[in-house]
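An overview of the molecular structure
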Amino acid sequence: MSKAIDKINSTAVPIDQENIDTDQIIPARFLKATSRDGFGDNLFRDWRYNSDNTPKKDFVLNDPTYSGKILVGGANFGCGSSREHAAWAIKDAGFDVVVSSFFADIFKNNALNNFLLPVTVSETFLQKIFAAIRKDPATRIEVNLETQTISLPTGESETFEINNYKKTCLLNGYDDIDYLLSIRDEIGQFEKTNSLNS
């Protein structure tokens, strides 16, 4: 299955709360597994379930009104400990994009390394996204990695920044090794040219 991300047009799941830390995203007691699979079941575990494992009806991930491949969170998303499992859990739960007005640096890098696109928007545009979803949960948001834009159905849009190397990897579904293999001819030519000049 391709891991590449280009254009995502999807409904979104809103969690309008700031400072969502990695322990809330995936509690520490679930970090024992070494495989990336299955973490999505425990995404926001303590917010989603009561102590008897019954779903909390008022939490957005338990509300069938909201679904999609885009998770929208408040400012300072992914703060706290550096656990990569947070990105694993979000990706395993079916999300390809996370939108916020600010991401913790380590979470952002972990997300990019796991084919989860973190899209940073202005606080003003973030609030427009939340308002649009509240008004109509069927609102579709378009994220275009090639043009680095995120758009609402109203036509309002913003551009977002991304490291060029990571953009190339996401567009092509490359991890670091895949990327090196993709440029092996250029590497070979560089080595050949430099050996002739030495």
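One structure accompanies this document, and this report is about it. Remember, predicted model here, so these are calculated numbers, not experimental data.

Cut-offs and rules
- Residues numbered from 1 in each chain as written.
- Predicted model: local features only at pLDDT ≥ 70, side-chain atom pairs only at ≥ 80, totals over all residues.
- Heavy atoms only, no water.
- Helix = DSSP H or I, 4+ residues; strand = E, 2+ residues; numbered from the N terminus.
- Salt bridge = Lys/Arg side-chain N within 4 Å of Asp/Glu carboxyl O.
- Buried < 20%, exposed > 50% of the residue type's maximum accessible area, 1.4 Å probe, protein only.
- Polar contact = N/O pair within 3.5 Å; in protein donor to acceptor, adjacent residues only side chain to side chain.
- Pairing = 2+ DSSP bridges.
- Axes fitted to C-alpha atoms, helices over the stretch in contact; angles between N-to-C directions.
- Phe/Tyr/Trp six-rings, centres within 6.5 Å; stacked < 30°, edge-to-face > 60°.
- Lys NZ or Arg CZ within 6 Å of the ring centre and 35° of its normal.
- Right-handed = clockwise from strand over helix to strand, strands pointing away.
- Parallel < 35°, antiparallel > 145°, perpendicular 65-115°, else oblique.
- Left-handed = near helix turned anticlockwise from the far one by under 90°.
- Contact = heavy atoms within 4.5 Å.

1. Comments concerning unusual backbone geometry
Even without a glycine there, the phi angle at Asn 76 is positive, about 65°. Position of Asn 76 relative to the elements: it lies in the loop between strand S3 (70-73) and helix H3 (85-92). Non-glycine residue Phe 115 carries a positive phi angle of around 60°. Along the chain, Phe 115 falls in the loop between helix H4 (105-113) and strand S5 (117-120).

2. Comments concerning the pattern of salt bridges
Per the counting criterion, the structure on display carries five salt bridges. Across the pair Asp 16 and Arg 134 runs a salt bridge, and its minimum N-O distance is 3.2 Å. On the criterion of sequence distance, the pair formed by Asp 16 in the loop between strand S2 (12-15) and helix H1 (22-25) and Arg 134 in helix H5 (residues 123-135) is long-range, its members being 118 residues apart.

3. Considerations on the side chain of Ser 101
Tracing the sequence through the fold places Ser 101 in the loop between strand S4 (97-100) and H4. Looking at Ser 101, the relative accessible area reads 16%, which means it is buried. A distance of 2.7 Å separates the side chain of Ser 101 from the side chain of Glu 123, its partner in a polar contact.

4. Topic: the sheet that holds S3
Strands sit in the order S2-S3-S4-S5 across an open sheet of four strands; the sheet is parallel. In this open sheet, the two edge strands, each paired with only one partner strand, are S2 and S5. Neighbouring strand axes in the sheet, compared pairwise and without regard to direction, differ in orientation by 20° on average. As judged from the four bridges shared by S2 and S3, these two strands associate in the parallel manner. Pairing of Pro 14 across the sheet is with Val 72, part of S3.

5. Overview of the packing of aromatic side chains
As enumerated under the stated definition, the model contains seven aromatic pairs in all. A connected cluster of aromatic rings, assembled from ring pairs, spans Phe 44, Trp 47 and Phe 59. Sitting over the ring of Tyr 49, Arg 45 keeps its end group 4.3 Å from the ring centre.

6. Observations regarding the pairing of S3
Judged by which residues are buried, S3 turns out to be covered on both faces: Ile 70 and Val 72 on one side and Leu 71 and Gly 73 on the other are all buried. Each parallel crossover has a hand, and the one from S3 via H3 to S4 is right-handed.

7. So, the packing of H3 against H4
Running from amino to carboxyl end, H3 crosses H4 at an angle of 50°, the nearest separation of the two axes being 8 Å. On the basis of their axis angle, the class for H3 and H4 is oblique. Relative to H4, H3 is oriented so that their crossing is right-handed. Residues Ala 86, Ala 87 and Ile 90 of H3 form the contact with H4, whose own contacting residues are Phe 107, Asn 110 and Ala 111.

8. What to know about the sheet that holds strand S7 (residues 149-151)
In space, the four strands of this open sheet follow the order S1-S6-S7-S8, with antiparallel pairing throughout. Here the strands that pair on one side only, and so sit at the sheet edges, are strand S1 (7-10) and strand S8 (157-159). Shown here is a sheet whose adjacent strand axes are inclined to one another by a mean of 10°, direction ignored. Pairing of strand S6 (residues 141-144) with S7 involves three bridges; the strand directions are antiparallel. When the sheet's bridge partners are listed, Val 143 is paired in S7 with Ile 150.

9. Quick notes on H3
Within H3, six of the eight residues are buried, leaving the element largely enclosed by the surrounding structure. Listed in full, the buried residues belonging to H3 are His 85, Ala 86, Ala 87, Trp 88, Ala 89 and Ile 90. For H3, the elements touching its buried residues are H1, S3, S4 and H4. Immediately beyond the C-terminal end of H3, within one or two residues, lies Gly 94, with a positive phi of roughly 105°.

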